[in-house]
Structures are given as C-alpha cells and as structure tokens.
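Chain and residue survey
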Amino acid sequence: MIFLAILLGTLTAGIGSVWVAAWLSYGVMSRYTQHMLSLAAGALLATSFMHLLPEAFESAVSPRDLFLTLLLGLVFFFLLDKAELWHHGHEHGAAHGHAHQDHGHAHHAHPHDHTHAHGGHDAPATGGWAVLAGDSVHCFGDGILIASAFMADVRLGAIASLAVLAHEVPHHMGDLAVLRQGEAQSHKQVAVLKVSLAGAITALGGAVGFVLVESLRAALPFFLVIASSSFIYVALADLIPQLQKRLSARETAAQIAWLAGGMGMVTLVSLLTHTH
C-alpha cells in the first residue's frame, strides 16, 4: 500500500508539474507565471518547518544530531551550487535571456550542468537532450525524498509530493522554453512529452527510495532532515532572492498573498489527508 502511494505521489509530482508548467507556459494563465515562484517558496518552507522537521524531531534521535544533519545538508547543497550542479537557472538566463523574458518568468534552478557544457546556442539539439538528462537526475533525487516522507507517514508523503510539484513548475517552464528554442522544429506537444518522460523518473527514484529507506528505517529521521535541507535551500537560496525586487505596493501584496497561498495549500493538503 505504501509503495503504491509512493508511485502515485512521485508520478503526480514528476509528471503533474510538467503539465501544470505547460498549461502556464502555453495557456491563458501565462500572465501568472511570476507568482509560481512565491507559491513554490511558501509550499517548500511550510513543508520543511511545519511537517518534515517536526516529524523528524519526534523520533528518539538526538536533536543535536538532527540539527547537525540539517546544517551539513545546507552546506552540501551550497557546495553543489558552487560546483554548478545544483543550479542552472541563472546561466540559462544569460544564454537564453530573450526566450525567458518572452515567457515572463524567472527560471527556477536545479542540479544540472548542461548549460555550462553546451552553451545552449552552439549545440541546440545536444543541449536539449542535456536538459532532459539533468532533469532526470534531479527528478530521481526528488523521488527518493518523497519516498522518505511517505515511509514516515502517508500524510507527510502527500504534502512532500505537493511541495515538489509546486517548486518544479517554474523549473519545467524554463526547460520547455529552452527545448522549443533550441530545436526549431520542435512543437509544443513534443517538448511537453520529452520533459514528461524526464519527470517520470521521479517514480523510479521513489521505488529506489522505498527499498533504501525500508532497509535503513532507523535512519528515517535523517532522511527527513536531508529532505528539509533541500527544500529550505531551494526556497531561500534560489526562489526568494528572485522575489527580492523593487515592486509597487499592489505587486508586493500579491507576492505576499501567493507566498501565503503556498503555505495555506500545504496546510489544506495536510488537513484533507489527515488520518486518525
């Protein structure tokens, strides 16, 4: 039963985020793409501080050890960032700035190094497949994090799946833009299909995570804290800095409302999936 829930959650997060991204990129909702950054940041922070970390600290593991794991996790993701494996959004912005401006969003960044190796314009077809390869690696990691949450509690797994879905949407929007720009003959449907296949790798990560966490159940609190450090780092180091702009009072209020909406969305899912 838990395994089926993991598969459902990972497929929803992995493929569902691509479909939402396509809807936002190509549909009538394209004007609201900026707000997805605020929504994702709120969802990630609420999931980490209100659900994953409390669940981990309810265990018998020493709080000092868990805080140390959280600290090391944040440093680890920072080092990945410095190695240009965690983020690729800013480099995409430099190489494909006009394409991204046309799509009206700030590209969310993740652990891919493809843009640095290919430079986007020099080898567009190869770069497109490198985008998908990088997506697949990141989605695999997301699957393991979601599986860890489900192994602790089904409700927690549903919340983590929602948080992953929310923060993957702006990222996939950028990937869709890059694929369509890099391959002149690429249609919308082809780009969506390619990114959806990469998103499906989340389910593979979930299956591996299920086996891994099942065999190391005593280490589950540490898995939850690592998942939290990942979510916190993405929210604070990537999403929120992109929101720190000089805006009008109305735009700032909208930004705060969407941030609160992300937190409220996580709370709502928690209430709806709560089991006694």
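Residues numbered from 1 in each chain as written. Predicted model: local features only at pLDDT ≥ 70, side-chain atom pairs only at ≥ 80, totals over all residues. Heavy atoms only, no water.

With that settled, consider the overall build of the chain. A count of helical and extended segments in the chain gives 12 helices and 0 strands. Listing each helix as α and each strand as β along the chain from the N terminus yields α-α-α-α-α-α-α-α-α-α-α-α. Looking at the 276 residues of the chain, the share that counts as buried comes to 51%. (Helix = DSSP H or I, 4+ residues; strand = E, 2+ residues; numbered from the N terminus. Buried < 20%, exposed > 50% of the residue type's maximum accessible area, 1.4 Å probe, protein only.)

For the coordinates displayed, the defined rule picks out 2 salt bridges. Across the pair Asp 153 and Arg 155 runs a salt bridge whose closest N-O atoms are separated by 3.8 Å. (Salt bridge = Lys/Arg side-chain N within 4 Å of Asp/Glu carboxyl O.)

What follows concerns the packing of helix α2 (residues 35-57) against helix α11 (residues 220-243). Contact geometry for α2 and α11: axes closest at 9 Å, N-to-C directions at 155°. As judged from the angle between their axes, α2 and α11 are roughly antiparallel. For the crossing formed where α2 meets α11, the hand is left-handed. Of the residues belonging to the contact of α2 with α11, the class tally is 21 nonpolar, 5 polar and 1 charged. (Axes fitted to C-alpha atoms, helices over the stretch in contact; angles between N-to-C directions. Parallel < 35°, antiparallel > 145°, perpendicular 65-115°, else oblique. Left-handed = near helix turned anticlockwise from the far one by under 90°. Nonpolar A, V, L, I, M, F, W, Y, C, P; charged D, E, K, R; others polar.)

For helix α9 (residues 188-199), spanning 12 residues, the distance from its first C-alpha to its last is 16 Å, which sits close to the expected 16 Å at 1.5 Å a residue. Among all positions in α9, only Ala 191, Val 192, Lys 194, Val 195, Ser 196, Ala 198 and Gly 199 are buried. (Expected span 1.5 Å × (residues − 1).)

A full pass over the atoms with the stated rule returns 3 aromatic pairs. With 4.9 Å between their ring centres and 50° between their planes, Phe 57 and Phe 67 make a pair best called tilted. Of the two residues, Phe 57 is situated in helix α2 and Phe 67 in helix α3 (residues 63-82); the sequence distance between them amounts to 10 residues. Relative accessible area serves as the criterion here: at 28%, Phe 57 is assigned to the partly exposed category. (Phe/Tyr/Trp six-rings, centres within 6.5 Å; stacked < 30°, edge-to-face > 60°.)

All right, on to the nonpolar core then. Judged by nonpolar contacts, the single largest core of 59 residues is most densely connected at Leu 44, Leu 52, Val 169, Leu 176, Phe 231 and Leu 239. Leave out the neighbours within four places in its chain, and Leu 44 touches Ala 163, His 167, Phe 231, Val 234, Ala 235 and Leu 239. (Core = buried A, V, L, I, M, F, W, Y, C linked by side-chain atoms within 4.5 Å. Contact = heavy atoms within 4.5 Å.)

The next thing to look at is helix α1 (residues 2-26). For α1, spanning 25 residues, the distance from its first C-alpha to its last is 35 Å, which sits close to the expected 36 Å at 1.5 Å a residue. When the local axis directions of α1 are compared, the greatest deviation, roughly 30°, occurs at Gly 16. (Bend = angle between axes of the 7 residues up to and from the residue.)

The next point concerns the environment of Val 195. Tracing the backbone through its elements, the reader meets Val 195 in helix α9. When the C-alpha atoms of Val 195 and Leu 132 are compared, they prove to be 6.5 Å apart, with 63 residues separating the residues in sequence.

Let's shift gears to the environment of Gly 262. Along the polypeptide, Gly 262 turns up in helix α12 (residues 249-272). For Gly 262, a relative accessible area of 0% translates into the label buried. In this structure the C-alpha to C-alpha distance between Gly 262 and Leu 162, which are 100 residues apart in sequence, comes to 9.9 Å. Ignoring anything within four residues of it in the chain, the contact list for Gly 262 reads Leu 39, Gly 42 and Ala 43.

Moving on: the side chain of Ser 161. By secondary structure assignment, the location of Ser 161 is in helix α8 (residues 154-182). Ser 161 gets classed as buried once you look at its relative accessible area, which sits at 7%. The contact partners of Ser 161, leaving out residues within four places of it in the chain, are Gly 9, Ala 13, Ile 146 and Phe 150.

Turning our eyes to something else, we now look at a nonpolar patch on the surface. On the surface, Leu 68, Leu 71, Leu 72, Val 75, Phe 78 and Leu 79 cluster together to form a nonpolar patch covering roughly 560 Å² of accessible area. Here Leu 79 lies in helix α3. (Patch = residues over 30% accessible without salt bridge, like charges linked within 9 Å, V, L, I, M, F, W, Y side chains within 5 Å. Areas by Shrake-Rupley, 256 points an atom, 1.4 Å probe, with all protein chains shown as cover.)

The predicted model of the chain has a mean per-residue pLDDT of 77, with 75% of residues at 70 or higher. Across the chain, the element-wise mean pLDDT spans from 33 in helix α6 (residues 114-118) up to 91 in helix α10 (residues 201-215). Considering only residues more than four positions removed or in separate chains, one finds that residues 90-127, a stretch of pLDDT under 50, has 99 contacts. (pLDDT = per-residue confidence, 0-100.)

The next point concerns the environment of Ala 160. Summarising the element assignment, Ala 160 is placed in helix α8. Note on Ala 160: relative accessible area 2%, which makes it buried. Residues Ala 160 and Ala 227, spaced 67 residues apart in sequence, show a C-alpha to C-alpha distance of 9.1 Å. With residues up to four places along the chain from it excluded, the contact list for Ala 160 reads Thr 47, Ile 146, Ala 149 and Phe 231.

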